[in-house]
2 protein chains.
Amino acid sequence: MKIAILGGTGDIGEGLALRLAQKHQVIIGSRDEEKSREAAKNYNERLVSRGLKDEILGMSNQDAAKDAEAVILAVKYQYAIQTLQSVIDVLDNQVLISPIVPMSKTKLCAYTPPETGSASKQICSVLSPDIKLVSTFHTLPAARLSDLDDPLGFDVIVCADDEDAKKVVMGLVEDLGDVRALDGGGIEESRLIEALTPLLVNLAIRNKLKNLSIKFV
Amino acid sequence: MKIAILGGTGDIGEGLALRLAQKHQVIIGSRDEEKSREAAKNYNERLVSRGLKDEILGMSNQDAAKDAEAVILAVKYQYAIQTLQSVIDVLDNQVLISPIVPMSKTKLCAYTPPETGSASKQICSVLSPDIKLVSTFHTLPAARLSDLDDPLGFDVIVCADDEDAKKVVMGLVEDLGDVRALDGGGIEESRLIEALTPLLVNLAIRNKLKNLSIKFV
């Protein structure tokens, strides 16, 4: 599958690119095309050093999104809508994946959803109906995802209104490694899943733990 | 430690009584004193059959709460405030533990907090300041807790404004078996923890799983 990772030079983008590239064609996008080419080169070198294929491409966000079958919006909440609007003209029937969590951080984190109720609902409000939104990847710890020696071993919840798109993305989740994809319902439920990220961050801080994720046991 | 479990004849009360009785003096309470004595007899028989001490007592909710150092409000949300009010005259400096989750269920569950923001905040509003409220046990699957052969193996988040009371209850959580207690912050955070219960129920229904709990990995 051809997967574009917008903001693919960022921390969560890095781990997604390195892991998904082992089974898919990955194109990382950035506002700065030069930056995405450099990142792709760096990721490919890391893959080659492990005897893996070095086929990650770097492009502008718009070029990355154009021909992809799935587009991951791996940017911070505050850039989500503008990044989406910068590619919206080239989106055509893709699955759009949002790992986006609106949260504030001072000493601890707080979930700060927009008026629509969640980042995913807000994203839905600017999408045309042919683009299927899937909300997932929120609880992936970036540092562990980027460490290809980390077996992961956690669960990832996937929410979508379109059942076919949800199924496709649940497959992508399980392509990351030892990760179980769980059906979390529709986009309406995304609020509950997005709120898990600040919970994880705060639990880590309060209990002196690191890079927490979730497993349902 | 002397622990009263109000509503100790119910499903979560049963598991808490059977497990905590192995290290503490447990008194189960009920509106119906006869019912709590019968339940205590039944629980004691199950403990004896495993070669354990049979010292669980059954009393009215009020008698159970009177001399206890910790009082667990193990009743459904709709009975929480009235049960609390029925014992409030005998509460004096105890730690009060709330595992209460306000939720509605049709086919799936929804978290339905009161106007105060959470069950724990609502309970706080009727307590005198000498009673320290601790919010925990929400994600314990009752069936697994009652099965003394189940090793459990999950995490339980504990929220309280009083740090000493929180520490005491984190100790009780770890007395349940292979369970790790995690500091979840103050009562203000209880909303996030209470909301995990309907999430677990819905994940179980949607993914054909059973008796889910959480582990942070």
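Conventions used here
Residues numbered from 1 in each chain as written. Chains lettered and ligands numbered in written order. Predicted model: local features only at pLDDT ≥ 70, side-chain atom pairs only at ≥ 80, totals over all residues. Heavy atoms only, no water. Helix = DSSP H or I, 4+ residues; strand = E, 2+ residues; numbered from the N terminus. Buried < 20%, exposed > 50% of the residue type's maximum accessible area, 1.4 Å probe, protein only. Contact = heavy atoms within 4.5 Å. Areas by Shrake-Rupley, 256 points an atom, 1.4 Å probe, with all protein chains shown as cover. Least-squares fit on C-alpha atoms with pLDDT ≥ 70 in both. Phe/Tyr/Trp six-rings, centres within 6.5 Å; stacked < 30°, edge-to-face > 60°. Lys NZ or Arg CZ within 6 Å of the ring centre and 35° of its normal. Pairing = 2+ DSSP bridges. Axes fitted to C-alpha atoms, helices over the stretch in contact; angles between N-to-C directions. Polar contact = N/O pair within 3.5 Å; in protein donor to acceptor, adjacent residues only side chain to side chain. Salt bridge = Lys/Arg side-chain N within 4 Å of Asp/Glu carboxyl O. Expected span 1.5 Å × (residues − 1). Arc of directions from axis to C-beta.

### Comments concerning the overall build of chain A
Scanning chain A from N- to C-terminus turns up nine helices and eleven strands. Considering chain A as a whole, with its 217 residues, one finds that 56% of them fall into the buried category. Of the contacts made within chain A by residues no fewer than 6 positions apart, 71% connect residues no fewer than 24 positions apart. Put simply, chain A shows about 9300 Å² of open surface, and 47% of that area lies on carbon and sulfur atoms.

### With respect to the relation of the copies chain A and chain B
For the pair of chain copies, the relating transformation is a rotation about an axis with a translation along it. Taken as rigid bodies, chain A and chain B are interconverted by a rotation of 180° and an axial shift of 0.0 Å, the fit giving an RMSD of 0.0 Å. Within this description, the copies of the chain are treated as partners about a two-fold rotation axis. For chain A, the smallest separation between a C-alpha atom and the rotation axis is recorded for K215 of chain A, amounting to 2.6 Å. A shared interface surface links the copies, since 100% of the contact residues of chain A are contact residues in chain B too.

### Overview of the packing of aromatic side chains
Each aromatic ring pair is specified by the distance between its two centres and by the angle formed by the two planes. Throughout the structure, instances matching the rule amount to zero aromatic pairs over all chains. Between the NZ or CZ atom of R31 of chain A and the centre of the ring of Y79 of chain A, over which it lies, the distance is 5.6 Å.

### Section: the sheet that holds strand β1 (residues 2–6) of chain A
Residue and element names in this part refer to chain A. With mixed pairing, the eight strands of this open sheet are ordered in space as β3-β2-β1-β4-β5-β8-β9-β10. Of all the strands in the sheet, just β3 (57–60) and β10 (178–183) have a single pairing partner and so form its edges. Averaged over all neighbouring strand pairs, the angle between strand axes comes to 25°, with direction disregarded. With four bridges joining them, strand β5 (residues 95–98) and strand β8 (residues 132–135) adopt parallel strand pairing. Bridging across to β8, S98 finds its partner in S135.

### A short note on the pairing of β5 of chain A
Residues and elements named next belong to chain A. Every second residue of β5 is oriented toward a common face, with V95 and I97 on one face and L96 and S98 on the other, all of them buried. Relative to β5, strand β4 (residues 70–73) is paired through three bridges, and the arrangement is parallel. Across the sheet, V71 pairs through a bridge with L96, a residue of β5.

### Focus on unusual backbone geometry
Residues and elements named next belong to chain A. In this structure, K208 takes a positive phi of about 50° despite not being glycine. Backbone geometry places N211, a non-glycine residue, at a positive phi of 50°. Mapped onto the fold, N211 is located in the loop between α9 (196–206) and β11 (214–216).

### Structural notes on the environment of E163 of chain A
Residue and element names in this part refer to chain A. Locating E163 in the fold gives a position in helix α7 (residues 163–174). On a C-alpha basis, the gap between E163 and D183 in space is 9.8 Å, while along the polypeptide they are 20 residues apart. Only 3.3 Å separates the side chain of E163 from the side chain of K166, close enough to count as a polar contact.

### Concerning the pattern of salt bridges
Residue and element names in this part refer to chain A. Counted according to the given criterion, the structure contains 29 salt bridges over all chains. A salt bridge links K215 to D155; the shortest N-O distance between them is 3.9 Å. Placement of K215 in strand β11 and of D155 in strand β9 (residues 152–160) is noted, with a sequence separation of 60 residues between them. What makes K215 partly exposed here is its relative accessible area of 27%. Here the salt bridges share partners, and the residues they tie into one network are E33, E34 and R37.

### As for the side chain of S120 of chain B
Counting through the fold element by element, S120 of chain B comes out in helix α5 (residues 119–124). The contact partners of S120 of chain B, leaving out residues within four places of it in the chain, are S98, L133, S135, I187, S190 and E194 of chain B.

### Points about the sheet that holds strand β10 (residues 178–183) of chain B
Residue and element names in this part refer to chain B. Pairing is mixed in the open sheet, where eight strands are placed in the order β3-β2-β1-β4-β5-β8-β9-β10. Bordering the open sheet on either side are β3 (57–60) and β10, each of which pairs with just one other strand. The mean inter-strand angle of the sheet, taken between neighbouring strand axes irrespective of direction, is 25°. Judged from the five bridges that link them, strand β1 (residues 2–6) and strand β2 (residues 25–30) form a sheet pairing that is parallel. Looking at the pairing, I5 lines up with I28 of β2. Against the sheet, helix α1 (residues 11–20) engages β1, β2, β4 (70–73) and β9 (152–160), with an angle of about 165° to β1.

### Focus: helix α2 (residues 33–48) of chain A
Residues and elements named next belong to chain A. Helix length check: α2 (16 residues) gives 22 Å between terminal C-alpha atoms against 22 Å at 1.5 Å per residue, within 8%. Every buried residue belonging to α2 is among S36, A39, A40, Y43, N44 and L47, and all of these are buried. For α2, the arc enclosing every buried residue in end-on projection is 135°, short of the 170-degree limit, so these residues lie on one face. Away from its buried face, by an angle of more than 90 degrees, α2 presents the exposed residues E38 and K41. On its buried face, α2 sits against α1 (11–20), β2 (25–30) and β3.

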